Amino acid sequence: GAVVSQHPSRVICKSGTSVKIECRSLDFQATTMFWYRQFPKQSLMLMATSNEGSKATYEQGVEKDKFLINHASLTLSTLTVTSAHPEDSSFYICSASGGRNEQFFGPGTRLTVL
Amino acid sequence: AQSVTQPDIHITVSEGASLELRCNYSYGATPYLFWYVQSPGQGLQLLLKYFSGDTLVQGIKGFEAEFKRSQSSFNLRKPSVHWSDAAEYFCAVGTGGATNKLIFGTGTLLAVQP
């Protein structure tokens, strides 16, 4: 149980375009979902926390207009990188929590912006 | 402020040797502690967690960790390392409660020599 999927696993896009990444909890209801960013050989940095049906809470320094997060249902959250630029290239990982002080992680999405 | 320190950036051990990865945390309340493992280009897999009770926690793949409140530590151990254990290991502290955030250490990259 507690499986989280992400789609796509890899995406390459041109600079200036927008990219949407989906995060789904497959076998449980995720009251909270988290989005992380990981640069090569570095740790995970929390970008934002989203609760179903409400606006996401962004960490300091994360541009909410650039990284749009939607948590429309208890099993789906999306992260849209708007007007992507090469510096947005990174590994994006989501996690989901059903409210038991534990997060379950997706496999990650590798974004490359040309 | 909450923080997690993993003093060792990179560790190399011989296959069959014992392993200890260090983790120290700073957190005002009773911490929820986690160890995750990440293979290259993959998401995070939970090895073990400590919420309360017995301070010696058993996890998957033969790993264990011991919570020592007096030392603010949660070191990960394995008596005999296998080549497949080569990966990046992250210690994390969870805030629990309504925010339920995870704060990650910088990670320790484990290399296993034949």
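Residues numbered from 1 in each chain as written. Chains lettered and ligands numbered in written order. Predicted model: local features only at pLDDT ≥ 70, side-chain atom pairs only at ≥ 80, totals over all residues. Heavy atoms only, no water.

(A) Up close: the overall build of chain A. Broken down by element type, chain A carries zero helices and eleven strands. Helices and strands in chain A line up, N terminus first, as β-β-β-β-β-β-β-β-β-β-β. For 114 residues, the compact-globule estimate of 2.2 N^0.38 gives 13 Å, and chain A sits close to it at 13 Å. If one aligns the C-alpha atoms of chain A with their principal axes, the spans along those axes are about 40 × 25 × 25 Å. (Helix = DSSP H or I, 4+ residues; strand = E, 2+ residues; numbered from the N terminus. Rg over C-alpha atoms; globule rule 2.2 N^0.38 Å.)

(B) Region of the structure containing the environment of Ala87(B). All names here are of chain B. For Ala87, the position within the fold is in strand β10 (residues 87-94). You can call Ala87 buried: its relative accessible area is 6%. Each C-alpha atom of the pair Ala87 and Phe67 lies 22 Å from the other, and the pair is 20 residues apart in sequence. The residues touching Ala87, leaving out its near neighbours within four places in the chain, are Val37, Gln38, Ser39, Thr108, Leu109 and Leu110. (Buried < 20%, exposed > 50% of the residue type's maximum accessible area, 1.4 Å probe, protein only. Contact = heavy atoms within 4.5 Å.)

(C) View of the state of the cysteines. Residue and element names in this part refer to chain A. Evaluation of the coordinates by the stated rule reveals two disulfides over all chains. A sulfur-sulfur separation of 2.0 Å characterises the disulfide bridge that pairs Cys23 with Cys94. Residues Cys23 and Cys94 are joined by a disulfide whose S-S torsion is about 80°; by sign, that bridge is right-handed. Within this pair, whereas Cys23 is found in strand β3 (residues 19-25), its partner Cys94 is found in strand β9 (residues 90-97), the two being separated by 71 residues in sequence. The pair formed by Cys23 and Cys94 is uniform in burial state, with each residue classed as buried. Left unpaired, Cys13 is separated from the closest cysteine sulfur, that of Cys94, by 18 Å. (Disulfide = S-S within 2.5 Å.)

(D) Region of interest: the pairing of strand β4 (residues 32-38) of chain A. Residues and elements named next belong to chain A. Taken across its seven residues, β4 has seven buried, putting it largely inside the fold. The alternating pattern of β4 places Thr32, Phe34, Tyr36 and Gln38 on one face and Met33, Trp35 and Arg37 on the opposite face, and all of these are buried. When β4 meets strand β5 (residues 44-51), the two strands line up antiparallel, connected through seven bridges. Considered in β5, the bridge of Trp35 is made with Ala48. Hairpin remark: β4 followed by β5, antiparallel, with five residues in the connecting loop; positive phi at Lys41, about 60°. As defined by bridge partners, β4 adjoins β9 across seven bridges and the pair is classed as antiparallel. Among the inter-strand pairings, Met33 is bridged to a residue of β9, identified as Ala96. (Pairing = 2+ DSSP bridges.)

(E) Examining the interface of chain A and chain B more closely. With 20 residues of chain A in contact, the opposing surface of chain B contributes 21 residues. Summed over both sides, the interface of chain A with chain B buries roughly 1500 Å², with 50% coming from carbon and sulfur. Of all residues in chain A, the largest losses of buried area upon contact with chain B belong to Asn101(A), Glu102(A) and Phe105(A), amounting jointly to 36% of the total for that side. Joining chain A to chain B, the criterion identifies two salt bridges. A salt bridge links Lys49(B) to Glu102(A); its shortest N-O distance comes to 2.4 Å. At the junction of chain A and chain B, the tally comes to five residue pairs in polar contact (both at pLDDT 80 or more). Among the secondary structure elements, those contributing two or more residues to the side of chain A that touches chain B are β4, β5 and β9 of chain A. Classifying every residue of the side of chain A that touches chain B gives eight nonpolar, eight polar and four charged. (Buried area = accessible area lost by both parts, 1.4 Å probe. Salt bridge = Lys/Arg side-chain N within 4 Å of Asp/Glu carboxyl O. Polar contact = N/O pair within 3.5 Å; in protein donor to acceptor, adjacent residues only side chain to side chain. Nonpolar A, V, L, I, M, F, W, Y, C, P; charged D, E, K, R; others polar.)

(F) Structural detail: the packing of aromatic side chains. Residues and elements named next belong to chain B. Within the structure shown, the criterion is met by 15 aromatic pairs over all chains. An angle of 45° between the planes, with centres 6.5 Å apart, marks the rings of Tyr50 and Phe74 as tilted. In this pair, Tyr50 is assigned in strand β6 (residues 44-50) and Phe74 in strand β9 (residues 73-78), connecting sequence segments 24 residues apart. Relative accessible area serves as the criterion here: at 0%, Phe74 is assigned to the buried category. (Phe/Tyr/Trp six-rings, centres within 6.5 Å; stacked < 30°, edge-to-face > 60°.)

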